[in-house]
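# Fold and contact review
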Amino acid sequence: MFERQDFGDTVETASVVVTIAAEEAAGIKVEEATIQEAWERVRRRLRAELGEDVFSSWFGRLELAGIVEGVAYLTVPTRFLKSWLEAHYAERLRVNCIAELPAPNGVLLSVRPVSREAAAPRVEAALRARPVAAASTIAEPGKPAGANPAQPCENDPVDACGTALDKRMSFQSFVVGKSNQLAFAAAERIAGAPAGQSPYNPLYLHAGVGLGKTHLLQAIAQEARRQGKRVAYFTADRFMYGFVAALKSQTALAFKEKLRGIDLLIVDDVQFIQGKSIQQEFGHTINALLDAGKQIVVAGDRLAGELEALDERIRSRLGGGLVVEVGELDEALRVKILASRMEALQGAHPNFQVSPDVVAYVARVVTTNGRDLDGAANRLLAHATLSGQLVTLETAEAAIRDLVRTREPRRVKIEDIQKLVATRYNVSRADILSERRTAAVVKPRQIAMYLSKALTPRSLPEIGRRFGGRDHTTVLHAVRKIEKAISEDRSLHEEVDLLKRMLQE
Ligand SMILES: Nc1ncnc2c1ncn2[C@@H]1O[C@H](COP(=O)(O)OP(=O)(O)OP(=O)(O)O)[C@@H](O)[C@H]1O
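Residues numbered from 1 in each chain as written. Predicted model: local features only at pLDDT ≥ 70, side-chain atom pairs only at ≥ 80, totals over all residues. Heavy atoms only, no water.

The protein carries the name Chromosomal replication initiator protein DnaA in an unreviewed UniProt entry, which gives Bosea thiooxidans as its organism. According to its UniProt record, the protein has this under Subunit (unreviewed entry): "Oligomerizes as a right-handed, spiral filament on DNA at oriC." In UniProt, the protein has this text filed under Sequence similarities (unreviewed entry): "Belongs to the DnaA family." (UniProt positions renumbered as here; feature names shortened; annotations may be inferred.)

## A look at the confidence of the model for the protein
Looking at the protein as a whole, the pLDDT averages 79, with 82% of positions reaching at least 70. This model gives residues 1–30 a pLDDT under 50, and the stretch forms 73 contacts once residues within four places in sequence are excluded. Low confidence marks residues 115–161, where pLDDT is under 50. Its contacts with residues over four positions away, or in another chain, come to 86 contacts. (pLDDT = per-residue confidence, 0-100. Contact = heavy atoms within 4.5 Å.)

## Focus on the UniProt feature "binding site: ATP" (unreviewed entry) in the protein
In the UniProt entry, the feature "binding site: ATP" (unreviewed entry) is given for Gly210, Gly212, Lys213 and Thr214. Summarising the element assignment, glycine 210 is placed in the loop between β6 (203–206) and α7 (213–226). The contact partners of glycine 210, leaving out residues within four places of it in the chain, are Asn369, Gly370 and Arg371. Relative to the assigned elements, lysine 213 resides in helix α7. Excluding residues that lie within four positions of it along the chain, lysine 213 makes contacts with Leu205, His206, Ala207, Gly208, Ala299 and Gly300. Here alanine 207 takes part through its backbone oxygen, which lies 3.0 Å from a polar atom of the side chain of lysine 213. (Helix = DSSP H or I, 4+ residues; strand = E, 2+ residues; numbered from the N terminus. Polar contact = N/O pair within 3.5 Å; in protein donor to acceptor, adjacent residues only side chain to side chain.)

## Section: the pattern of salt bridges
In this structure the tally under the stated criterion is 25 salt bridges. A salt bridge links aspartate 301 to arginine 302; the nearest nitrogen and oxygen atoms lie 2.6 Å apart. Relative accessible area serves as the criterion here: at 32%, aspartate 301 is assigned to the partly exposed category. Where arginine 465 meets glutamate 462, a salt bridge forms, and the shortest distance between an N and an O atom there is 3.0 Å. Here the residue arginine 465 and the residue glutamate 462 both occupy positions in helix α19 (residues 460–466), the gap between them amounting to three residues, near one helical turn. Classification of arginine 465 by relative accessible area gives exposed; the value is 54%. (Salt bridge = Lys/Arg side-chain N within 4 Å of Asp/Glu carboxyl O. Buried < 20%, exposed > 50% of the residue type's maximum accessible area, 1.4 Å probe, protein only.)

## Focus on the packing of helix α18 (residues 439–455) against helix α21 (residues 490–504)
Direction vectors running N to C along α18 and α21 enclose 55 degrees, while the axes themselves pass 11 Å from each other. Relative to α21, the element α18 is oriented oblique. Considering the relative orientation of α18 and α21, their crossing is right-handed. Across the interface between the two elements, Lys443, Ile447, Tyr450, Leu451, Ala454 and Leu455 from α18 touch Leu492, Val496, Leu499, Lys500, Leu503 and Gln504 from α21. (Axes fitted to C-alpha atoms, helices over the stretch in contact; angles between N-to-C directions. Parallel < 35°, antiparallel > 145°, perpendicular 65-115°, else oblique. Left-handed = near helix turned anticlockwise from the far one by under 90°.)

## Notes on unusual backbone geometry
With the exception of glycine, most residues fall at negative phi, and the peptide bonds are largely trans. Residue proline 202 follows asparagine 201 across a cis peptide bond; omega there is -5 degrees. A positive phi angle, near 55 degrees, is found at aspartate 269, a position not held by glycine.

## Focus: the packing of aromatic side chains
What characterises a pair of aromatic rings is the spacing of the ring centres plus the angle enclosed by the ring planes. The final tally for this structure, using the stated rule, is seven aromatic pairs. Summarising the aromatic geometry, the rings of phenylalanine 171 and phenylalanine 184 are spaced 5.6 Å apart at their centres and angled 90 degrees between planes, so their arrangement reads as edge-to-face. Linking phenylalanine 171 in the loop between α5 (157–161) and α6 (181–192) with phenylalanine 184 in helix α6, this pair joins segments that are 13 residues apart in sequence. Each member of the pair phenylalanine 171 and phenylalanine 184 is classed as buried. Grouped by ring-pair contacts, the aromatic residues Phe55, Phe59 and Tyr89 constitute a single cluster. Directly above the ring of phenylalanine 272 sits lysine 82, whose terminal nitrogen or CZ lies 5.1 Å from the centroid. (Phe/Tyr/Trp six-rings, centres within 6.5 Å; stacked < 30°, edge-to-face > 60°. Lys NZ or Arg CZ within 6 Å of the ring centre and 35° of its normal.)

## A look at the site of the ligand
Neighbouring the ligand are 20 residues, the closest being Val175, Gly210, Thr214, His215 and Asp374. Asparagine 180 places a polar side-chain atom, nitrogen or oxygen, 3.3 Å from a nitrogen atom of the ligand. Between the ligand and lysine 213, the relevant distance is 2.8 Å, taken from an oxygen atom to a side-chain nitrogen or oxygen of the residue. Protein chains bury 96% of the 630 Å² of accessible surface belonging to the ligand in isolation. (Near = heavy atom within 4 Å. Areas by Shrake-Rupley, 256 points an atom, 1.4 Å probe, with all protein chains shown as cover.)

## Details of helix α11 (residues 312–319)
Every buried residue of α11 is listed here: Ile314, Arg315 and Leu318. Mapping the buried residues of α11 onto a view down its axis gives an arc of 100 degrees, with all of them on the same face. Away from the buried face of α11 by more than 90 degrees, exposed residues Glu312 and Arg313 are located. Looking at the buried positions of α11, the neighbouring elements they touch are β6, α10 (276–291), β9 (295–300) and β10 (322–325). Between the side-chain oxygen at the start of α11 and the backbone nitrogen of arginine 313 there is a gap of 2.8 Å, and the oxygen is on aspartate 311. (Arc of directions from axis to C-beta.)

Listed below in structure tokens is the structure:
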């Protein structure tokens, strides 16, 4: 959604010049005051468009970290806020930023270190149901999660920008099954090997959402640190933020030198590393560390070779080491993970009792991933605590019904597709349904037909009828044409993907 895009619009970039060369911080020329004024104008526009309430709830803590090669790097303090803005305000943010900032290449949103924030705002706190083991900060015994003492990046580029670790994500708490035993074994070997003597370098882990990549990476980081190794663990977001912040504060060289002085670099969610300079920096860092015999561990949501946004050389370097997939959680593994969660919760809430039948039931119906199992465990606890009753099969079913239901894909209507596509391409829905054949109308019409085929169960003749009474061969032609265009044009591919996600959310 916030990927770099070729917007095509001409943007007045005024007199502001922000040139940041990846290699040398000395190349930075930042007219900070002018940029801050432009950023204030973006904020004013958003406030005027959305009203004070919405603005302060969702945009109050949005910050501009910097502008690199025409991409505006914006940050928020939490993943939740990031997802919310991406899902609901992506286009508005992009349009306003492009109108006011020297950022013709678009906007990237990432999560900045939590320690820079005071308390979470009302709305977010109210809406957010935080999974037990998904906190991104270290929960020291006796200390609330969120009391992590990390400092702003400007002061200590690597340590502070490195993502905080969650002590609960250790090797001991990782449940091993068929689908993850190879990944677990490789992770343990790497964490335990003396510096410079790892048998697998780099290690690249890939898996779908919530299957335990982060858990394993954090376990490696904690074990390696325990053995006295110098470890930097970054999410992609944090790497990008750290680098942009270091450039802004002219500490980029220190940032790079520190990075290269470590024994083990771990990068999570590598698919999100974007922006040419940052990718280059990431590539240089990986090459320098590997050449010096240092260990690299990276995780992504797909095979390294399929990370289209990443530079070809980085992909092949990552794919050239040990590549391991973490597979789906089968039912037996889900039961074990859930049982271990229950045990952990019972440690803190001794009255919370759940029978093996309930665990088996939840593990059978919550099939998606570990994060949803965490969510289910939390709901059972909340239910038991609030009602003061034992969790039976019936109460468990009621407690997680909402979770199971929200995981069902949203039904998309053809009318919604037509409306969204019309708005995106600045035509009316009537234009899409009309006989007009100008390019400005034909392209959105074909995209809307393609999306109707991809996202609804409607047949081609039915779709044709809903598009002003067209023949099914017209629809088929449109579907094939867009399929071909998508396979050849990456920015169109991303754009159609974004429309899909917006419709499904
Ligand atoms: N095998 C496992 N044993 C114990 N906990 C697990 C296991 N697999 C997943 N989990 C738990 O499920 C939750 C989600 O896992 P994690 O964050 O590691 O997923 P991920 O693969 O990094 O997902 P994403 O791609 O969304 O970042 C975490 O709380 C994690 O501890």
